[in-house]
Amino acid sequence: MLHTVNKSPTERNTLESCLKHLKKGCAVLLIEDGVYGALKGTVSTKLVEQALKHHPIYALYPDLEARGMQDRVIDGIKLVDYSGFVDLAVEYPSVQSWL
Amino acid sequence: MTEVTGGIEMEEDTSGKIKKFLYINRKAPYGTIYALESLEVVLIAAAFDQDVSLAFLDDGVYQIIKGQHTRTIDVKNFSPTYRALEGYDIEKLYVEKESMEVRGLKEEDFIVPVKVISTQEMADLMESQDVVLSF
């Protein structure tokens, strides 16, 4: 399953809850304000780095760039554009959009 | 009645008490409309010659980050507008230190000059206002 998170980890607990519910083979895509969860040096960095050991984590580059965060991404998080987003949605059998 | 006021009766004497207005910004830009709406209201209020301050705390600190490029998400990049506030005599911009630090940000990451203050100082700032508008 592909999980998408679109809320900032410092505004809602969506990312934290999502990461807790990941099963083997799941991936996470951070979009919109969710991309703040992809950053180094924040309160949620450790949690995300831990999840990265077991799951691929992606972030939508246009959303990072809009927010001026493109140079702060945690090593190992893969950046995708809109067509990469579509590819992921196709690749995984289902998508859960966390709200 | 005059043309410029659109028929609304205006007091000739504009020397009334200047009030202290604080705009509180707690939301990240683009994901919701709050940041842009706050900025619009600040710019409107700027026309009324009041004592205006802006506070950025929690995710609001993300509003004034340098290097925002919004072409690929097809929305207006309104971050340069914060630099124009100076031209409206809005020069009191405050950032809460704790909010900045938990997001791994530094004072030099901001697009405008700000005063970095503690949570306690932010509380004092809020308390000292006549009008507080929260976004």
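Before any of the text, the structure's been laid out above.
Overview of the structure. (Residues numbered from 1 in each chain as written. Chains lettered and ligands numbered in written order. Predicted model: local features only at pLDDT ≥ 70, side-chain atom pairs only at ≥ 80, totals over all residues. Heavy atoms only, no water.)

1. As for the nonpolar core
So, step 1. I77 of chain A together with L54, I64 and Y82 of chain B are the most contacted members of the largest nonpolar core, which totals 54 residues.
So, step 2. Examining the composition of this core, we find that four residues originate from one element, helix α1 (residues 34–45) of chain B, more than from any other.
So, step 3. Not counting the four nearest positions on each side in its chain, Y82 of chain B is found in contact with A35, L39, F56, Q63, I64, I111 and V112 of chain B.
So, step 4. Judged by nonpolar contacts, the second largest core, of nine residues, contains L2, I31, L88 and Y92 of chain A. (Core = buried A, V, L, I, M, F, W, Y, C linked by side-chain atoms within 4.5 Å. Buried < 20%, exposed > 50% of the residue type's maximum accessible area, 1.4 Å probe, protein only. Helix = DSSP H or I, 4+ residues; strand = E, 2+ residues; numbered from the N terminus. Contact = heavy atoms within 4.5 Å.)

2. Points about the layout of surface pockets
Residue and element names in this part refer to chain B.
So, step 1. In this structure, the second largest pocket occupies an estimated 150 Å³ of space.
So, step 2. What lines the second largest pocket is A46, D49, Q50, D51, V52, Y88, D89, I90, E91 and K92.
So, step 3. Its residues placed into classes, the lining of the second largest pocket shows four nonpolar, one polar and five charged. (1 Å grid on protein atoms, 1.4 Å probe; cavity = no way out; pocket = protein on both sides within 12 Å on 5 of 7 lines; lining within 4 Å. Points joined across faces, edges and corners; volume = space filled by probe spheres on them. Nonpolar A, V, L, I, M, F, W, Y, C, P; charged D, E, K, R; others polar.)

3. A closer look at a negative patch on the surface
So, step 1. Together, D49, E86, D89 and E91 of chain B give the surface a local cluster of negative charge.
So, step 2. The exposure class assigned to E91 of chain B is exposed, which follows from its relative accessible area of 52%. (Patch = residues over 30% accessible without salt bridge, like charges linked within 9 Å, V, L, I, M, F, W, Y side chains within 5 Å. Areas by Shrake-Rupley, 256 points an atom, 1.4 Å probe, with all protein chains shown as cover. Salt bridge = Lys/Arg side-chain N within 4 Å of Asp/Glu carboxyl O. Lys, Arg positive; Asp, Glu negative; His and termini not counted. Charge placed at Lys NZ, Arg CZ, Asp CG, Glu CD.)

4. Brief notes about the sheet that holds strand β3 (residues 57–60) of chain A
All names here are of chain A.
So, step 1. On the basis of which strands lie adjacent, the open sheet formed by five strands has the order β4-β3-β2-β1-β5 and parallel pairing. Two strands close off the open sheet at either side, each with one partner strand: β4 (78–80) and β5 (95–98). Looking at each pair of strands side by side, their axes are set apart by 25° on average, direction ignored.
So, step 2. Sheet topology note: the β3/β4 ladder contains three bridges and is parallel. Residue pairing for β4: L60 is matched across the bridge by V80. (Pairing = 2+ DSSP bridges. Axes fitted to C-alpha atoms, helices over the stretch in contact; angles between N-to-C directions.)

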